[in-house]
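# Structural features, examined
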Amino acid sequence: MAPETITRRDPRLIAALTAAKVTSAAIRRAGRGGGTAAPGLVAERIDPSLLGKIARRLPSGAIVVAGTNGKTTVSRMLADILQAHGLRVAHNRSGSNLARGVASALASQADLFGNPRADIGVIESDEAAFPEIARQVQPSLVILNNLFRDQLDRYGELDAIASLWRPALQRLPETTTLLVNADDPALAALSEAIPARRVTFGLDDRNPRYLLDAIPHAADAKVCRTCGDVLTYDRLYSAHLGAWRCPKCGATRPPLDFAGTNLALHGVDALDLDVARASSPDHPLSLRLAIPGLYNAYNAVAAAAGAATIGIPAGTIASALGDYRSAFGRIERVTYRGHLLTLALVKNPVGFNETLRMLTIATGGLAAPTLIAINDLTADGRDVSWLWDVDFELLADGTAPLSTTGIRAADMANRLKYAGLHANRIYPLDADLATGLDTFVDALPAGAPGYVLLTYTALLGLRQVLADRGAVEQFWEQ
Amino acid sequence: MKLVIGWLYASTMNIYGDRGNVIALHRRAEWRGIRVEIREIGIGDPIPEDVNCFFWGGGQDQEQAAVAADMQGTKGEALRAAIEDGASLLAVCGGYQLLGHEYRPHNAAPQPGVGLFDAVSTAGPERFIGNVIVESEWGELVGFENHSGLTTLGPTATPMGRVRVGRGNNGRDGTEGARYRNAVGCYLHGSLLPKNPALADWLVERALARRRGDVQLEPLPDTIESMAHAEAVARAAATR
Ligand SMILES: [Zn+2]
């Protein structure tokens, strides 16, 4: 694909980029962080098509990653793989995944004429912003992970996202490859009969240890998108993801072009799996990852399949993924007052269920005292009803105590009570994160580890508390 | 004594933590030594004779249309008959709308309702989202609303209560929900009952009292529930 000519001067684009750079510099001088979308906002007012203009000049095109869970991890994995392959990557790594934030990120990685200082783009896209980003960027590859209920008070209902995506996917041209998680029945249906080339990925592991018996309560897409009948699963991995079929009309999971197999989950530490390609099933790519959990198996298959689709050699993919470390907030380890704390971000029912599964899969129950911090600010989701869609019932059998903190500490404690945990295991602590953390740590036996599960703004707050108190980071990524 | 919960459309209409309401009914009966059975009533299933407490949650548009069709005819009649006979019921969002005369979505055919409540609901231009406090005969109810449907009560309907914080049925008349005999419908979705144990206990008590006269439940130690209630009141005051 030929990039647009480098020499063409576009006065409006140049004016927009100049304004963006001035804004960025002003923000830096003022010492304010977090203003990642402001330069994009300024530039967009001057040139509304800035994002597309820069993206379409990327010599190797752009990859857009979207979906409720795992888009940050998948796009970071892909960027790492592409860099390991020697490519310069433009990536909205610092956070904002709305159209404006993506424009800001690309503008900061381009010269004043709008020529990107990169070979290829990796763009993480917000669900609602996906149609606009795809329209402007005209990606060569689109990766869709999954569609779950997430922050419903921001988006309305799940159907609303599906109906936004349907026309956007229909508009992708034949030259675009759509890599889609076929284990998600809704995504499989949305990607049927589109002009773009569809490539599928999913899991095909048969180890009963990693299969669910019944569809968890938090799952969303349980009905056949063709006939409305209830779907059944030959193998169910997580939420509504798996080898599905409709008993009535015969609709079934499409064949997988890339399949994750031979899964081995090692608690909160690591996972192994093979990625088999339908075109060469006898030569799977063996991956060893230093990140845990079944959800990361899906992320690794998506990233490996994406990289393989654009021709990155298998060895590069395996070594880059082997070196990959947790993206912001997924799993962090920190030593505080002599205790190793494992911090995990929980942001929706499906993610929370997978985290609980990860913490209990090795031992059958919670292995360590656990603190759960729930906030209800906009970035967390203002409605905490989602806690009732999480299967805390699976914690009822253990003995480890559970404490709660954050703005909704009492709501969380109430959820644990109704999950059937014995009252003497539930400790509703102060809503203040610093106070809650100290009360939790005071109660830990000397040198004992603890788990801390937090919503987004609670994680930001707790990290600040830990940093202020000089806690030692074991590993996490800034 | 046995509490038999009929969970209407448990697999198709069940969003925003709606199952928290069923969990609350179940636990609060069980903690008092009352036997509990839960019957899921899906599309095509009849209304079981022995259900004394119904729950009906919210759904997405695709599911709600199929459910509206399923409730027409004998099934809707059987549900109305059970309520006339004293069964208790809680319906939230979509379930509440479909218990009125009709729900009129955007750009789609009107969905006929069961007609238990004298109410009509219409898809509105705006989404009401946020924490809610309702003054009611069960005291101060706290919850979260998230709906674009506007419900207008008819002359024979009684509201569940009046909103002190929040938009309520339609954002205009200050009413929230509807009540008919032992049936209550409202927009306070998911996890309403765990934070409002007085309403949960009333639904259990009314269910058990069907065909056996008066029932008085023993009080429970609701320390954590009271903390969660107080926390929700404080959030509603702070956020709206
Ligand atoms: Zn079907």
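Here's what I pulled together on the structure shown here.

About the criteria used
- Residues numbered from 1 in each chain as written.
- Chains lettered and ligands numbered in written order.
- Predicted model: local features only at pLDDT ≥ 70, side-chain atom pairs only at ≥ 80, totals over all residues.
- Heavy atoms only, no water.
- Donors = N, O, S within 2.8 Å, 3.2 Å for Na, K, Ca; no water.
- Helix = DSSP H or I, 4+ residues; strand = E, 2+ residues; numbered from the N terminus.
- Buried < 20%, exposed > 50% of the residue type's maximum accessible area, 1.4 Å probe, protein only.
- Core = buried A, V, L, I, M, F, W, Y, C linked by side-chain atoms within 4.5 Å.
- Contact = heavy atoms within 4.5 Å.
- Disulfide = S-S within 2.5 Å.
- Buried area = accessible area lost by both parts, 1.4 Å probe.
- Salt bridge = Lys/Arg side-chain N within 4 Å of Asp/Glu carboxyl O.
- Pairing = 2+ DSSP bridges.
- Axes fitted to C-alpha atoms, helices over the stretch in contact; angles between N-to-C directions.

## Focus on the coordination of the zinc ion
Six octahedral donors around a metal ideally make angles of 90 or 180 degrees; four tetrahedral donors ideally make 109.5 degrees. Residues and elements named next belong to chain A. Within the protein, the atoms that donate to the zinc ion are C224 (SG), C227 (SG), C246 (SG) and C249 (SG), at distances of 2.3 Å. Look at where the donors of the zinc ion fall in the sequence and you get C-x2-C-x18-C-x2-C. Of the two residues, C224 is situated in the loop between β6 (197-203) and β7 (232-238) and C249 in the loop between β8 (241-245) and β9 (258-266); the sequence distance between them amounts to 25 residues. Classification of C249 by relative accessible area gives partly exposed; the value is 37%.

## With respect to the nonpolar core
All names here are of chain B. Residues L3, L8, F54, W56, L79, L99 and L193 are the most contacted members of the largest nonpolar core, which totals 69 residues. Among the elements that take part in this core, helix α6 (residues 197-209) stands out by supplying eight residues, more than any other. Ignoring anything within four residues of it in the chain, the contact list for L99 reads W56, L79, L89, A91, V114, G115, L116 and F117.

## Quick look at the state of the cysteines
Counted according to the given criterion, the structure contains zero disulfides over all chains. Not engaged in a disulfide, the cysteine B:C53 finds its nearest cysteine sulfur in B:C186; these two sulfurs lie 14 Å apart.

## Concerning the interface of chain A and chain B
Taken together, the 35 residues of chain A in the interface contact 38 residues of chain B. Counting the surface lost from both chain A and chain B, the interface buries some 3,200 Å², and carbon and sulfur atoms represent 49% of this. Linking chain A with chain B are four salt bridges. With a closest N to O distance of 2.8 Å, A:D391 and B:R19 form a salt bridge.

## Here's the deal with the sheet that holds strand β1 (residues 62-66) of chain A
All names here are of chain A. Pairing is mixed across the open sheet formed by nine strands, whose spatial order is β2-β3-β1-β4-β5-β6-β9-β10-β11. Only two strands of the sheet have a single neighbouring strand rather than two, namely β2 (89-91) and β11 (280-289). This sheet shows a mean twist of 20° between the axes of neighbouring strands, independent of strand direction. Taken together, the four bridges between β1 and strand β4 (residues 141-144) define a ladder with parallel strand orientation. Paired with V65 across the two strands is I143, which belongs to β4. Contacts between helix α4 (residues 71-84) and the sheet are confined to β1, β2, β3 (120-124), β4 and β11, with β3 contributing the most and set at about 165° to the helix. Sitting on the sheet, helix α6 (residues 130-137) touches β1, β3 and β4, and the angle it makes with β1 is about 170°.

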